[in-house]
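# Overview (structure and organization)
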Amino acid sequence: MNKPRQLWIDAAKGFSIIFVVMGHSGDAAANHYLSWFRMPLFFMLSGLVFKPVEPGRYLGWAAKRTKGLMTPYFAYGLLIASVLLLFNFSVRGFAENVARLLYGGLSLTGPYGVFWFITCLLFTQLLFGYIVRYSRRTQFLLIASAYLLSHLISLTALRNFNLPWNADVSLLAITYYAIGFYGKQVIPALIRRYSALPVLLPLCALVLLLERSGVLHYSLNMKYKEYTSLLLDLAVPLLISLTICAAVYRLSKLVPLDWMGSLGRNSIAIMYLHLPLNYGLKYLLGTDYGLLPFTLIGVGVPLLAANWAVRSPLLSRLYLGHKGGSRPAVNYSNAR
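Since the structure is predicted, the reported quantities are computational estimates derived from the model, not experimental observations. (Residues numbered from 1 in each chain as written. Predicted model: local features only at pLDDT ≥ 70, side-chain atom pairs only at ≥ 80, totals over all residues. Heavy atoms only, no water.)

## Describing the side chain of threonine 119
Of note, threonine 119 is situated in helix H6 (residues 115-131). Threonine 119 sits in the buried class, given a relative accessible area of 0%. Apart from the residues lying within four places of it in its own chain, the contact partners of threonine 119 are Met70, Tyr73 and Trp165. (Helix = DSSP H or I, 4+ residues; strand = E, 2+ residues; numbered from the N terminus. Buried < 20%, exposed > 50% of the residue type's maximum accessible area, 1.4 Å probe, protein only. Contact = heavy atoms within 4.5 Å.)

The following block contains the structure:
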């Protein structure tokens with residue numbers, strides 16, 4: 001029997017994917033502030049649901065994880081490349097897009113701009129899945145070393161080196177992932193406290209005020225390895241992520257959030273499709289239509305596509321990362 005899902009986790013993923021879409025709309029302010037936490041939040045939520053694998057089963061597990069994440073990666077990538085081929089009739093352009101998909105990393109731009117996250121997530125999961133075999137002390141030492149190394153890379157010329165599949169970004173991502181995993185008990189207990197939001201919200205407001213007044217200078221861009229503050233790169237994303245989780249949990253007790261949980265469960269389709277859909281529509285219309293239309297199109301259309309694709313086992317495997325064939329039943333915990 002499957003363990004009941006936690007609605008607040010799926011709903012938090014739903015809000016997170018909305019923030020990702022908003023950040024790519026071209027609105028400079030939205031991108032600046034949302035980049036502080038949108039990717040760290042995804043990694044933290046993924047760590048919350050991670051289940052350790054026994055050393056003897058690691059290779060089989062790693063192969064399964066790689067297949068599960070990389071099948072949609074190439075399916076969406078080839079779909080986008082094929083659509084572009086129909087528009088420009090450039091076989092060379094098609095071959096270049098395929099080559100970019102194979103190499104990944106910083107070479108993924110334009111409609112492929114968010115593909116880096118999937119390969120980084122894969123490396124993060126494989127790395128974390130391997131190190132959990134060691135003692136807790138060794139795990140902490142390895143994760144801390146990876147965090148320090150990631151900042152060393154960011155401060156040197158290595159920052160501009162295009163490592164395949166953004167593998168080096170997983171050195172930072174594993175810290176956020178580990179926070180979720182090690183906080184399996186602490187984080188839910190914290191966000192369920194009525195005092196959580198009254199404490200966390202003013203702290204977030206203080207950080208924003210300090211940044212707006214010029215006292216604090218902070219930015220975070222995981223893809224391009226722009227992380228230069230050992231303290232703030234840990235404190236700011238964690239603070240805002242916990243605040244969002246606490247707000248979502250409290251909201252789930254007041255209003256139905258199953259629709260937001262649906263967004264979270266279909267975040268893979270939204271992640272892959274929101275950029276090519278909006279780029280294509282803006283090209284056809286010949287205009288830039290701003291934050292709100294960009295977000296509505298980038299979230300709504302992929303969600304409709306996912307609800308249609310889930311009816312087909314083949315399309316589900318290729319584009320949604322699961323067997324599909326019917327709408328999967330969702331068993332949410334009553335505790336939420």
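Now that the structure is up, let's keep going.
## Points about the UniProt feature "transmembrane region" (unreviewed entry) in the protein chain
Cross-referencing UniProt, the feature "transmembrane region" (unreviewed entry) maps to residues 7-24, 36-53, 73-94, 114-132, 139-157, 194-210, 230-251 and 291-310 in the present numbering. The span residues 7-24 is 94% helical and 0% strand by assignment, and the distance between its end C-alpha atoms comes to 26 Å. As annotated, residues 36-53 comprises 61% helix and 0% strand, and the C-alpha atoms at either end are separated by 31 Å. (UniProt positions renumbered as here; feature names shortened; annotations may be inferred.)

## Brief notes about the UniProt feature "domain: Acyltransferase" (unreviewed entry) in the protein chain
With numbering matched to this structure, UniProt assigns "domain: Acyltransferase" (unreviewed entry) to residues 7-303. Structurally, residues 7-303 is divided into 71% helix and 0% strand, and its ends, taken at the C-alpha atoms, are 18 Å apart.

## With respect to unusual backbone geometry
With phi around 55°, phenylalanine 89 is a residue other than glycine that occupies positive phi space. Within the secondary structure, phenylalanine 89 is located in the loop between helix H4 (58-88) and helix H5 (91-103). By relative accessible area, phenylalanine 89 is classed as exposed at 71%. Positive phi is not limited to glycine here, since asparagine 166 has a value of about 55°. Residue classification places asparagine 166 among the buried residues on the basis of a relative accessible area of 1%.

## Some words on the nonpolar core
In this structure, Trp8, Phe43, Tyr73, Phe115, Phe117, Phe128 and Met222 are the most contacted members of the largest nonpolar core, which totals 104 residues. The greatest single-element share of this core, amounting to 11 residues, is contributed by helix H1 (residues 7-23). (Core = buried A, V, L, I, M, F, W, Y, C linked by side-chain atoms within 4.5 Å.)

## Details of a positive patch on the surface
Taken together, the side chains of Arg57, Lys64, Lys67, Arg317 and Lys323 define a basic patch exposed on the protein surface. Tracing the sequence through the fold places arginine 57 in the loop between helix H3 (38-48) and H4. For arginine 57, a relative accessible area of 51% puts it in the exposed group. (Patch = residues over 30% accessible without salt bridge, like charges linked within 9 Å, V, L, I, M, F, W, Y side chains within 5 Å. Areas by Shrake-Rupley, 256 points an atom, 1.4 Å probe, with all protein chains shown as cover. Salt bridge = Lys/Arg side-chain N within 4 Å of Asp/Glu carboxyl O. Lys, Arg positive; Asp, Glu negative; His and termini not counted. Charge placed at Lys NZ, Arg CZ, Asp CG, Glu CD.)

## Concerning the pattern of salt bridges
All told, the structure shown has 4 salt bridges when counted by the stated rule. A salt bridge links arginine 92 to glutamate 96; the shortest N-O distance between them is 3.3 Å. In this pair, arginine 92 and glutamate 96 are both assigned in helix H5, 4 residues apart and thus about one turn of the helix distant. Note on glutamate 96: relative accessible area 41%, which makes it partly exposed. For arginine 159, the salt bridge identified is with glutamate 226, shortest N-O distance 3.3 Å. With arginine 159 in the loop between helix H7 (136-154) and helix H8 (170-182) and glutamate 226 in the loop between helix H10 (196-212) and helix H11 (232-252), this residue pair connects regions lying 67 residues apart in the sequence. We classify glutamate 226 as partly exposed; its relative accessible area is 29%.

## Quick look at a nonpolar patch on the surface
A cluster of nonpolar side chains, namely Leu79, Val83, Leu86, Phe87, Tyr283 and Leu284, defines an oily patch on the protein surface of about 690 Å² accessible area. Where the nonpolar patch is concerned, the elements lending two or more residues are H4 and helix H13 (267-285). Broken down by element, the nonpolar patch gets its largest block of residues, 4 residues, from H4. Its place among the elements puts tyrosine 283 in helix H13. Given the relative accessible area of 63%, tyrosine 283 is considered exposed.

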